[in-house]
Amino acid sequence: MSSVSRPRRWRRLFLVLAATLAVLLAAVSGCVSWVYVDAVVSTVGSTDFRNELAVPPLAESHLEPDGTRLFELDMRAGSREFRPGQVTETWGFNGDYLGPTLRARRGEQVRVRVRNNLPEASTVHWHGMHLPAAMDGGPHQMVEAGATWTPEWTVDQPGATLWYHPHPHGATEDHVRRGLAGMFLLDDELTETLALPRNYGVDDLPVIVQDVTFRGASLDGTHGMFHDVGFLGKQTMVNGTLTPYREVGDELIRLRLLNASTARIYTFGFDDARAFALIGTDGGLLDRPATMNQLPLSPGERAEIVVRMRPGERTVLRSNKLDAGLGFWTQRFSGGDDTFDVLQLRAAATLRPSPKMPETLAPASTPDGADSVTERRFELDLSGINGQPMAMDRIDFTVTRGTTETWIVHNRDGMPHNFHIHDVQFRVLAVGESAPPPHLSGPKDTVFLAPDATVRLAVRFDGPADPDTPYMYHCHLLWHEDIGMMGQFVVVEPGGTAGRPAHRHGH
């Protein structure tokens, strides 16, 4: 009797275990499916564009007795009512959120008095600026709470759309996400004479794009499940304005696009797929306008575009799905499937005529790599760069002032990254085995890399030399930077050697 019942008991136990396992597998599968479906975000077609776009004011400045142009920036905590009746805690420069637009001309000596009125230490990095390492505002130039830091330098680069933001090691994503960012526009003789829209706030608009999620009185910084790229918000805003529109009165409108998000990659275009002219990239103007209808920008990248408006019409700047070969899973959880209505442009019934777009813009200002003295290779993944996480006291390599190098950057990870180099504007020589597309043909300081992508960069280092103070290179998906995807180099005179980096604090 027992010998007959024992197999039955084992069969019943097996069936119970099998059924339990099936239920668990179904639950896990259902959970994963739900997370996958729920991960996609879109505001296309549901945005009411009820708020007029704010335009950051031009920062006040004055000339010091020695001829230096002085700007003042106060980093402070505040609050803003982004949504009617709901106050959100924020950080900003000279106000509650974001900061004024600094503007200077090539050849000017500038000085910026930075006061840190935040409850913790931070920095201000001049992203895209060619300047001495000690003035760069990287993690070695921390400004303690209550302290002041006053960097100064001579503007020595072409007209361009640059920006400024914090760069504290391990906390950059948090500080930028809270609202610490602003534009820094450079002018030169060429940009002041070309027949391009250049009336700031009228036909020449700053477009600082961020993605945000609100949680009660705070800007949420939670990373979603499987979001290994970092924080991805549920909606976008421009210049701190939710659902923005802008009324314009000119035939040609220049948009200075800045991806100030911490991880999100945008593919900008218009809802009617109209063509626009790309006239500038990170470090300045292209040699000639490039006509396109979609433009990808990863965090930290900038682009200047000119769009033609017709009387009385409306068009929407939109971010479309990312086409970068990310793969089924990575595409969804890196935000590649997300779409946004970003900014509506409303043309007046009668428009002021704009001059004809020039056929040529600016001669190349970046090296072609022909005089490169060495090649360096950079392997990117979450463990660090070239297998090493960032170390504040380690100089990763030394470059010689006045030389050009070829940097080969490879993303060996399964997720997207990008690559930013401080102090320089480089030329993209190749993407894989191909010539760079138009949006990578101008001067660049940040470049996107899809999984397994490789770029070749020509980089020139014109100094000044400082063996003890490093510049950074890093992924500008800011959480990746925070966890160690960053390295540092110093520029030395011929025959020189690296010194020892030290923190410099405000006082």
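The coordinates are above.
Residues numbered from 1 in each chain as written. Predicted model: local features only at pLDDT ≥ 70, side-chain atom pairs only at ≥ 80, totals over all residues. Heavy atoms only, no water.

1. Here's the deal with the sheet that holds strand S22 (residues 295-297)
At step 1: An order of S1-S17-S25-S24-S19-S22 is seen for the six strands of this open sheet, with the pairing classed as mixed. Only two strands of the sheet have a single partner each, and these edge strands are strand S1 (51-52) and S22.
At step 2: By the bridge criterion, two bridges tie S1 to strand S17 (residues 244-250) in an arrangement that is parallel. For Asn-51, the partnering residue across the bridge sits in S17 and is Pro-244. (Pairing = 2+ DSSP bridges. Helix = DSSP H or I, 4+ residues; strand = E, 2+ residues; numbered from the N terminus.)

2. Quick word on the nonpolar core
At step 1: Counting 35 residues, the largest nonpolar core has Trp-407, Phe-419, Ile-421, Leu-457 and Phe-489 as its most contacted members.
At step 2: Every element with two or more residues in this core is listed here: strand S26 (372-381), strand S28 (397-400), strand S29 (403-411), strand S30 (417-421), strand S32 (446-449), strand S33 (454-461), strand S34 (466-474) and strand S35 (486-492).
At step 3: Counting residues per element, this core draws most heavily on S33, at four residues.
At step 4: Here Leu-457 is in contact with Glu-405, Thr-406, Trp-407, Val-409, Phe-419, Ile-421, Phe-426, Arg-427, Val-428 and Leu-429, once residues within four sequence places are set aside.
At step 5: Counting 31 residues, the second largest nonpolar core, distinct from the first, contains Val-238, Tyr-266, Ile-305 and Val-307. (Core = buried A, V, L, I, M, F, W, Y, C linked by side-chain atoms within 4.5 Å. Buried < 20%, exposed > 50% of the residue type's maximum accessible area, 1.4 Å probe, protein only. Contact = heavy atoms within 4.5 Å.)

3. A look at the side chain of Asp-341
At step 1: Of note, Asp-341 is situated in strand S25 (residues 340-352).
At step 2: Among the polar contacts made by the side chain of Asp-341, one reaches the main-chain amide nitrogen of Gly-45 at a distance of 2.9 Å.
At step 3: Looking at Asp-341, its side chain comes within polar contact range of the side chain of Arg-318, at 2.7 Å.
At step 4: Those residues in contact with Asp-341 that lie beyond four places of it in its chain are Thr-43, Val-44, Gly-45, Thr-47, Phe-49, Thr-236, Val-316, Leu-317 and Arg-318. (Polar contact = N/O pair within 3.5 Å; in protein donor to acceptor, adjacent residues only side chain to side chain.)

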